[in-house]
Amino acid sequence: MRALTLVTVLLFGCQTSPGVKKDSGVLLSLQRTACYGACPIYLVEVFSDGTLRFKGERHVKVTEPVELKLEAAVLDKLTARVDQSGFAGWNDFTTNDMTDAPTVVLTFKGHAVRHYRGDTRAPAALTALEDEVDALLGTDRWVKGAGAETQ
């Protein structure tokens, strides 16, 4: 009986409860989704250790996964910029005031904001932050090119 109890504890005792996520190490992610036109569709993730992963899907120059290490100064600047932006206080902006716009999902330290670019209630500072994140990470090198348009 003791052996059965020990086996049960070893097999099931260390499992994570359903619905509980382990920390994936993702510090920030920015995802741009489809529109009715040729909007670039991609996901860029930045991990706590400075690793950057880019995955382009459509209307981008590079569709193969890219992984590189950010310089510490870039990671620090990115973190400071998002921390100082008021991002943590924003909620989703998903009203369809205009059609044919992409959605941008920006996640930082576990807080995500979905921003439909056709929602006129969204603060201009959010759009500027999304674009600045792209600029700091240098995503243009994988996005710009034939068939790649930004919106």
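Residues numbered from 1 in each chain as written. Predicted model: local features only at pLDDT ≥ 70, side-chain atom pairs only at ≥ 80, totals over all residues. Heavy atoms only, no water.

Trainee: Give me the lowdown on the sheet that holds strand 3 (residues 51-58), citing residues and values where you can.
Mentor: Pairing within the open sheet is antiparallel, and its six strands lie in the order 4-3-2-1-5-6. Looking at which strands have only one partner, the edges of the open sheet turn out to be strand 4 (66-69) and strand 6 (111-116). Adjacent strand axes in the sheet meet at a mean angle of 10 degrees, parallel and antiparallel pairs treated alike. The sheet contact formed by strand 3 and strand 4 spans four bridges and is antiparallel. Residue Thr-51 lies in a different strand from strand 4, and its bridge partner there is Lys-69. (Pairing = 2+ DSSP bridges. Helix = DSSP H or I, 4+ residues; strand = E, 2+ residues; numbered from the N terminus. Axes fitted to C-alpha atoms, helices over the stretch in contact; angles between N-to-C directions.)

Trainee: Can you break down the state of the cysteines residue by residue, with the values?
Mentor: Counted under the stated rule, the structure contains one disulfide. There is a disulfide in this structure between Cys-35 and Cys-39, and the S-S distance comes to 2.0 Å. An S-S torsion of about 100 degrees defines the bridge between Cys-35 and Cys-39 as right-handed. Overall, the relative accessible area of 5% leaves Cys-39 in the buried class. (Disulfide = S-S within 2.5 Å. Buried < 20%, exposed > 50% of the residue type's maximum accessible area, 1.4 Å probe, protein only.)

Trainee: For helix 3 (residues 124-137), give the residues involved together with the corresponding values.
Mentor: In this model helix 3 runs 20 Å from its N-terminal to its C-terminal C-alpha over 14 residues, within 8% of the 20 Å that 1.5 Å per residue would give. All of the buried residues in helix 3 are Leu-126, Leu-129, Glu-130, Val-133, Asp-134 and Leu-137. Take helix 3 and look down its axis: the buried residues cluster within an arc of 135 degrees, on one side only. Residues Ala-124 and Ala-135 are exposed on helix 3 and point more than 90 degrees away from its buried face. (Expected span 1.5 Å × (residues − 1). Arc of directions from axis to C-beta.)

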